[in-house]
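Overview (structure and organization)
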Amino acid sequence: NNLGVAYSDLPTGDRGENLGRAIAAYEAALEVYTRDAHPVDWAGTQNNLGNTYRDLPTGDWGENLGRAIAAYEAALQVRTRDAHPVDWAGTQNNLGNAYSDLPTGDRGENLGRAIAAYEAALKVYTRDAHPVQWATTQNNLGIAYCQLPTGDRSENLGRAIAAYEAALQVRTRDEHPVDWAMTQNNLGNAYRDLPTGDRGENLRRAIAAYEAALEVRTRDAHPAQWATTQNNLGIALAYLAEIPGEDRCGRLRESIACSKAALKVYTPEAFPREHRGTTHNLEIYRRAYEAGGCGDAVAFDEIAPAE
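Below: a short report on this structure. (Residues numbered from 1 in each chain as written. Predicted model: local features only at pLDDT ≥ 70, side-chain atom pairs only at ≥ 80, totals over all residues. Heavy atoms only, no water.)

Details of the overall build of the chain
Across its full length, the chain holds 14 helices and zero strands. With respect to the three principal axes, the spread of C-alpha positions in the chain is 75 × 40 × 40 Å. Counting all 307 residues of the chain, 48% fall into the buried class. A separation of at least 24 residues holds for 56% of the contacts in the chain among residues at least 6 apart in sequence. Surface exposure of the chain reaches about 14600 Å², of which carbon and sulfur atoms provide 49%. Side chains of the chain give 30 positive and 42 negative charges; the mean places of these two sets differ by 2 Å. (Helix = DSSP H or I, 4+ residues; strand = E, 2+ residues; numbered from the N terminus. Buried < 20%, exposed > 50% of the residue type's maximum accessible area, 1.4 Å probe, protein only. Contact = heavy atoms within 4.5 Å. Areas by Shrake-Rupley, 256 points an atom, 1.4 Å probe, with all protein chains shown as cover. Lys, Arg positive; Asp, Glu negative; His and termini not counted. Charge placed at Lys NZ, Arg CZ, Asp CG, Glu CD.)

Structure (structure tokens):
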């Protein structure tokens, strides 16, 4: 089991090979750590096995997550709320992550199970007793509600916003800057997509959240995350350009600059999917810019990327 943990954490070498060795070690441990003879150790190793399958970058993603879910559910046979409340909450959160990422089956059902698992974890992970775990689970819950395709979209996003804002009570910039920036980016996504309320105000809140995230997500320190937030900010600015009374051309110029900035990192070689998506967005902004009388193709080319 310890060997498996070491291979799971190993930062050097091939990640897929390391996790494959971790899985082999956990499965070896489970030959002796049986549920009947060593229930607590068996459950702990099952939880570790689930984490490793969830992180495994090789093989079939859906099958890997299916194995992770099976391992977590096995662990929960011993890790009950009454007997092992903190371990139970940890495995519930892990189970929620696996269901949230699961690409097979009904997406709405998977996310419903993820939400149920996160909400179960939050019965033990309270802000007072376990603030960091509470904030992490709140952030995860927000992501699941944002992605939920069933139910009322406004209600789902409202719950996501509430969860993100709860997480930010603990995930402060001073104490947890990377997590703070992540949740600010997520909060921006939720406000950007919120279909109810004042559209312009929602977008301004989204923009403020993205700009906050970029205080930590710099190109030098976190290039991929910086590009993600720049792209998200560009989308929100382009939406804001459509709001009556806004400086349409000014907002579009800002949006174009954000997309151009993201493409400094989102190269076709390193991030092919993100490069295609951001390039597509940039073309939409170009057409809107020219159609709105903001400038010609030369003026578009002269717009400098955001720094």
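Topic: the packing of aromatic side chains
For the coordinates displayed, the defined rule picks out two aromatic pairs. Ring geometry for Tyr266 and Phe271: centres 5.4 Å apart, planes at 55°, overall tilted. Accessibility expressed as a relative area gives 5% for Tyr266, which makes it buried. Plain terms: the ring middles of Tyr289 and Phe300 are 6.4 Å apart, the flat faces sit at 55° to each other, and that makes the pair tilted. Taken together, the residues span a long stretch of sequence, with Tyr289 in helix H13 (residues 272-291) and Phe300 in helix H14 (residues 297-302) at a distance of eleven residues. Residue classification places Phe300 among the buried positions, given a relative accessible area of 7%. Its guanidinium or amino end placed over the ring of Tyr239, Arg199 lies 5.2 Å from that ring's centre, counting from NZ or CZ. For Lys260, the ring lying beneath its charged end belongs to Phe300, and the centroid distance is 5.0 Å. (Phe/Tyr/Trp six-rings, centres within 6.5 Å; stacked < 30°, edge-to-face > 60°. Lys NZ or Arg CZ within 6 Å of the ring centre and 35° of its normal.)

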